[in-house]
Amino acid sequence: MMKYAERMNTMADFANVTRLAYDATGNAEIINFALGCPADETLPVEAAGEILADIFGKDKRGLEALKYNNPRGILQLRKIAAEIMLPKRGVMDADPANILITTGGLETLNFVCQLFINKGDVVLIESPTFMQAIQIFKMFEAECIPVECDEHGMIIEDLKAKYEQYHAKMVYVIPSFQNPSGTTTSLERRKAIAEFGSEHDIVILEDDPYVELRQRNENLPSIKSFDKTGNVIFADSFSKCVAPGLRVGYVYADAETIYRIYDAKTATNSHTSVIPQMIVAEYFARGLYEEHIEKAREIYRVKFDAATAALEKYMPEGTKFQRPDGGLFYWVELPENAPDTTEMTKHVSEFGVNYTPGAGFFVNGKGHNCMRLSFGSMSPEVITQGIKQLGEYIKSKM
Ligand SMILES: Cc1ncc(COP(=O)(O)O)c(C=O)c1O
């Protein structure tokens, strides 16, 4: 038997939960609330097809598309990040030289770990937080320490206390419609986190792929926009706002960090595939993005209306949930006498609904009464039916 590296054991529990979510896709019998997919009807199938044909046809960019390219990514897309995406997040003067195109947000998380995480280093995380981020931190053999959160994000006093206690190397924050809790970090706390990073000279990894999916209230400036010392690394992605199958994101950081990420990128995969970069860039350049994202927000608003109504109607009394201002997820806390949500996944075929059990979003054994529901890829009718089946099953076991 071949001997796997230790890192594969440290991440195994988290990897299993992710695997379960993916395995349920494609089973037509099961309504799958487990995956954070954008809605099918928002994916720009036709436009992508036309752009692709033009790249190889009238635009005569076929050679450029098929050759090796710069590890930083194509300039056209880095400019779009600097001139369109970052200003929306309060960063007005980004230099495209400080932006590197990644193969999605997950790659940025991997690169940041490659740069900064040694075995045993402490990463402070929101509690709960994005399961695959935990998986990545574990793969780098980091110790993940949860910081208490409320409806405004990380509680700063607890962040400071945990830092003092564990001498953390990095803080990982998802400030908008957090995955999985759906909460948005308040303006005051965004400033406080940026200041905290500077004061203690530690890395703040700001992961913000959902901000474009805001349905109500105003966008807040990013943590990065308050960073005066280069301690904040900003990870963004086109997965949720354009299409996840393209696998394109970007990272914005100070020149020295980008210089190092460039090295990690060349050692990993040279550069992100050029064709998807061109598709995303042309989608913006042809003025298609703004209308598209406005439509997507409306589509999610209707789905969230259906989800809110169904959760109120079908979930057992004492269930807690809050409609988030945007994003793709609802975080649901069941009453104490409800079945364990991890255990319940073994019986998915009985009630025909898959979801992500809450425990995988925690590193301290919490979350067994919680579940994350993602409605992006379902119609309002299917959402209602799925929540009905889920609620009835839970009630029958109480
Ligand atoms: C918080 C967060 N960061 C990053 C990602 C990964 O996105 P990408 O598809 O760009 O790798 C996700 C996807 O679910 C996410 O929820």
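Residues numbered from 1 in each chain as written. Predicted model: local features only at pLDDT ≥ 70, side-chain atom pairs only at ≥ 80, totals over all residues. Heavy atoms only, no water.

Brief notes about the domain arrangement of the protein chain
By a frequent convention, interface size equals the accessible area lost on bringing the separate parts together. Selection criterion: Reported domain spans reflect what an automatic or database domain assignment gives. Accessible area that two parts lose when put together, with a 1.4 Å probe and added across both, is what the buried area reports. Any carboxyl oxygen of Asp or Glu within 4 Å of a side-chain nitrogen of Lys or Arg constitutes a salt bridge here. A run of H or I in DSSP becomes a helix once it reaches four residues, and a run of E becomes a strand once it reaches two; helices and strands are each numbered from the N terminus. Residues are grouped as follows: Ala, Val, Leu, Ile, Met, Phe, Trp, Tyr, Cys and Pro are nonpolar; Asp, Glu, Lys and Arg are charged; all remaining types, including Gly, are polar.
Domain boundaries assigned for the protein chain yield domain 1 (7-36 + 291-396) and domain 2 (45-285). With centres defined by C-alpha atoms, the gap from domain 1 to domain 2 works out at 25 Å. For the pair domain 1 and domain 2, the two sides together bury roughly 3100 Å², of which 58% comes from carbon and sulfur. The largest contributions to the domain 1 side of the interface with domain 2 come from Asp325, Phe361 and Val363, which together make up 22% of the buried area. Between Lys366 and Glu148 there is a salt bridge, and its shortest N-O distance comes to 3.8 Å. Residue assignment for the side of domain 1 that touches domain 2 shows that the elements contributing at least two residues are α1 (6-10), α2 (12-23), α12 (289-314), β12 (329-333) and β14 (356-357). Among the elements that line the side of domain 1 that touches domain 2, the one with the most residues is α12, at six residues. In terms of residue class, the side of domain 1 that touches domain 2 is built from 17 nonpolar, 10 polar and seven charged.

With respect to the site of the ligand
Threshold: Working definition: residue near molecule or strand if any one of its non-hydrogen atoms lies within 4 Å of it. Definition of a polar contact: a pair of N or O atoms within 3.5 Å, with one able to donate and the other able to accept a hydrogen when the atoms are protein atoms, and with sequence-neighbouring residues admitted only if both atoms are side-chain atoms. All accessible-area figures derive from a Shrake-Rupley calculation using a 1.4 Å probe, and residue coverage is judged against the displayed protein chains alone.
Around the ligand sit 14 residues, and of these Gly105, Asp207, Tyr210, Ser237 and Ser239 come closest. In this structure, an oxygen atom belonging to the ligand sits 2.6 Å away from a main-chain N or O atom of Gly105. Between the ligand and Asn179 there is a distance of 2.8 Å, counted from an oxygen atom to a side-chain nitrogen or oxygen. Protein contacts shield 93% of the accessible area of the ligand, which totals 400 Å² for the unbound molecule. Taken together, the residues of the shell around the ligand sort by class into six nonpolar, five polar and three charged.

A look at the sheet that holds strand β8 (residues 203-207)
Rules: Pairing between strands requires that DSSP locate at least two bridges from one strand to the other. Helix axes are fitted only over the stretch in contact, all axes being lines through C-alpha atoms; the angle between N-to-C directions runs from 0 to 180 degrees. Contact definition: two residues touch when any of their heavy atoms are within 4.5 Å.
What the seven strands build is an open sheet, ordered β2-β10-β9-β8-β7-β3-β4; its pairing is mixed. Whereas interior strands pair on both sides, the edge strands pair on one side only; in this sheet they are β2 (99-102) and β4 (143-147). Put simply, the sheet's adjacent strands are angled 20 degrees from each other on average, direction ignored. Looking at chain direction, strand β7 (residues 170-173) and β8 are connected through four bridges and run parallel. What sits directly across from Val171, in β8, is Ile204. Relative to β2, helix α10 (residues 255-268) is tilted by about 25 degrees, and along the sheet it contacts β2, β9 (232-237) and β10 (249-252).

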